[in-house]
Amino acid sequence: MLGKKSILDVLSLAKSEVVQILESADSFVDISDREIKKVPTLRGKTIVNLFFEPSTRTRASFEIAAKRLSADMVNFSSSTSSLKKGESIIDTLRTILAMKVDLLVIRHSDSGTVRMADRILDVPVINAGDGKYQHPTQALLDLYTIKKKFGDVSGLKVAIVGDYLNSRVARSNIKLFEMMGMEVIVVAPAMLLPEDFSKMNTAHCIDDVIEDADIIYMLRMQLERQDRKLYPSVREYNRFLSINMERLLRMKKNAIVMHPGPVNRGIEISDELMGLEGEMAGRVVIEEQVTNGVAVRMALLYLILG
Ligand code: CP
């Protein structure tokens with residue numbers, strides 16, 4: 001059990017806790033494959049999804065995870081809340097807490113908002129992505145997906161490719177992958193690479209790593225966080241950073257392509273790779289990441305509230 005612990009970033013977890021979450025997720029995978037996808041584990045608990053920024057995967061995944069554990073799940077949407085009438089975020093959080101809820105899942109466009117919420121609330125808080133800072137449950141579900149594919153993750157080479165400037169996924173995944181003994185290669189052009197990553201093992205073109213990596217992890221181009229054009233053109237991006245069939249065929253036989261979603265088709269990943277079928281479909285594991293996300297989030301909710 002994790003106790004009544006908030007999950008604010010990857011470094012708030014010890015390696016032993018990460019192992020415990022992944023092992024626990026194994027037992028929750030089966031529940032989603034059953035005819036009746038529900039267990040009474042968290043009956044009587046109330047969880048609130050507070051999303052101040054759009055989401056498809058994370059929000060639905062937490063909701064499904066909570067419901068499969070029989071918790072009551074409430075979805076708060078900032079666009080239809082009293083924030084629109086001028087209520088502050090702190091008063092909004094205190095109002096929700098006054099309704100005697102047991103756990104909050106929070107996404108916000110400003111880095112640090114989830115940590116601020118954790119300081120003023122006395123229930124566990126899970127960071128569902130804050131600004132450019134962290135997205136710890138994405139990192140956990142990605143690690144779980146890699147573990148299911150490869151077994152032992154230690155020593156695996158993962159090339160993380162794309163927009164580091166704006167990516168909370170990169171910041172979380174690098175920390176977690178390194179904690180688990182994986183080798184991370186940062187692939188980005190100088191204009192998408194902040195100073196703090198430049199001292200790592202870096203490459204500027206996906207071709208430099210394509211034949212050697214076990215995992216090619218494509219970051220989403222965060223177009224909504226860019227107040228100016230950060231890359232000359234999609235054509236240039238495709239030339240140096242995108243994954244397509246020609247590059248997939250040069251990867252190791254058992255190497256995989258990952259992406260946190262949502263994908264900008266034709267920018268990070270070619271249309272052709274998004275529609276692979278048959279044997280080749282197993283090389284691009286984006287849907288498996290989503291499926292595994294439910295089991296990992298069930299494990300987290302269980303270990304915090306169970
Ligand atoms: N990967 C991810 O966080 O996707 P959403 O924005 O759809 O939740």
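Look a little higher up for the structure.
About the criteria used
- Residues numbered from 1 in each chain as written.
- Predicted model: local features only at pLDDT ≥ 70, side-chain atom pairs only at ≥ 80, totals over all residues.
- Heavy atoms only, no water.
- Core = buried A, V, L, I, M, F, W, Y, C linked by side-chain atoms within 4.5 Å.
- Buried < 20%, exposed > 50% of the residue type's maximum accessible area, 1.4 Å probe, protein only.
- Helix = DSSP H or I, 4+ residues; strand = E, 2+ residues; numbered from the N terminus.
- Contact = heavy atoms within 4.5 Å.
- Axes fitted to C-alpha atoms, helices over the stretch in contact; angles between N-to-C directions.
- Parallel < 35°, antiparallel > 145°, perpendicular 65-115°, else oblique.
- Left-handed = near helix turned anticlockwise from the far one by under 90°.
- Nonpolar A, V, L, I, M, F, W, Y, C, P; charged D, E, K, R; others polar.
- Near = heavy atom within 4 Å.
- Polar contact = N/O pair within 3.5 Å; in protein donor to acceptor, adjacent residues only side chain to side chain.
- Areas by Shrake-Rupley, 256 points an atom, 1.4 Å probe, with all protein chains shown as cover.
- Salt bridge = Lys/Arg side-chain N within 4 Å of Asp/Glu carboxyl O.
- Phe/Tyr/Trp six-rings, centres within 6.5 Å; stacked < 30°, edge-to-face > 60°.
- Pairing = 2+ DSSP bridges.
- Right-handed = clockwise from strand over helix to strand, strands pointing away.

Draft legend 1. The nonpolar core, seen in detail. Residues Tyr164, Ile215 and Leu301 are the most contacted members of the largest nonpolar core, which totals 65 residues. It is helix 10 (residues 286-305) that contributes the most residues to this core, ten residues altogether. The residues contacting Tyr164, other than those within four sequence positions of it, are Ala170, Arg171, Ile174, Ile185, Val186, Val187, Ala188, Leu192, Leu193, Pro194, Phe197 and Leu219. In this structure, Ala159, Val209, Ile267 and Ile269 belong to the second largest nonpolar core, which totals 28 residues.

Draft legend 2. Representation of the packing of helix 2 (residues 57-68) against helix 10 in the model. At their nearest, the axes of helix 2 and helix 10 sit 8 Å apart, and the two run at 55 degrees to each other. Between helix 2 and helix 10, the angle falls in the class oblique. Considering only the axes of helix 2 and helix 10, their crossing is right-handed. Each of Arg57, Thr58, Ser61, Phe62, Ile64, Ala65, Ala66 and Arg68 in helix 2 lies in contact with helix 10, whose residues at this interface are Val290, Gly293, Val294, Arg297, Met298 and Leu301. For the contact of helix 2 with helix 10, the per-class residue count stands at eight nonpolar, three polar and three charged.

Draft legend 3. Here's a closer look at the site of the ligand. Surveying the vicinity of the ligand reveals the residues Ser55, Thr56, Arg57, Thr58, Arg107, His135, Gln138, Pro260 and Gly261. Residue Ser55 places a side-chain N or O atom 2.6 Å away from an oxygen atom belonging to the ligand. In the environment of the ligand, a nitrogen atom lies 2.8 Å from a nitrogen or oxygen atom belonging to the backbone of Pro260. Notes on the ligand: free accessible area 250 Å², of which the protein chains cover 92%. Within the shell around the ligand, the residues separate by chemical class into one nonpolar, six polar and two charged.

Draft legend 4. Representation of the pattern of salt bridges. The full count for this structure, using the stated rule, is 14 salt bridges. Of the charged contacts in the structure, one is a salt bridge between Asp9 and Arg115, with a shortest N-O distance of 2.8 Å. With Asp9 in the segment before helix 1 (15-33) and Arg115 in helix 4 (residues 113-120), this pair connects stretches of sequence that are 106 residues apart. Judged by relative accessible area, Arg115 falls into the partly exposed class, the value being 35%. The closest approach of N and O atoms between Arg250 and Glu211, which form a salt bridge, is 3.3 Å. A residue pair is termed long-range when its members are at least 10 positions apart, and Arg250 in the loop between helix 8 (245-248) and strand 9 (256-258) and Glu211 in the loop between strand 7 (202-203) and strand 8 (215-218) qualify at 39 residues. Taken together, the shared-partner salt bridges connect Asp207, Glu211, Glu246, Arg247 and Arg250 into one network.

Draft legend 5. Structural context of the packing of aromatic side chains. This model, assessed by the stated rule, comprises three aromatic pairs. Seen from their ring centres, Phe28 and Tyr302 are 5.6 Å apart, and the 65 degrees between their planes marks the pair as edge-to-face. Taken together, the positions of Phe28 in helix 1 and Tyr302 in helix 10 put the pair 274 residues apart, joining distant regions of the chain. Taking the relative accessible area as the measure of exposure, Phe28 reaches 6% and is therefore buried.

Draft legend 6. A look at the pairing of strand 1 (residues 46-51). Extensive coverage of strand 1 is indicated by the burial of six of its six residues. What you see with strand 1 is no split at all: Thr46, Val48 and Leu50 on one side and Ile47, Asn49 and Phe51 on the other are buried throughout. Note that strand 1 and strand 2 (residues 72-77) share six bridges and pair parallel. Pairing of Leu50 across the sheet is with Phe76, part of strand 2. With helix 2 bridging strand 1 and the parallel strand 2, this β-α-β connection has right-handed handedness. Alignment of strand 1 against strand 3 (residues 103-108), held across five bridges, turns out to be parallel. Of the residues in strand 3, the one forming a bridge with Phe51 is Arg107.

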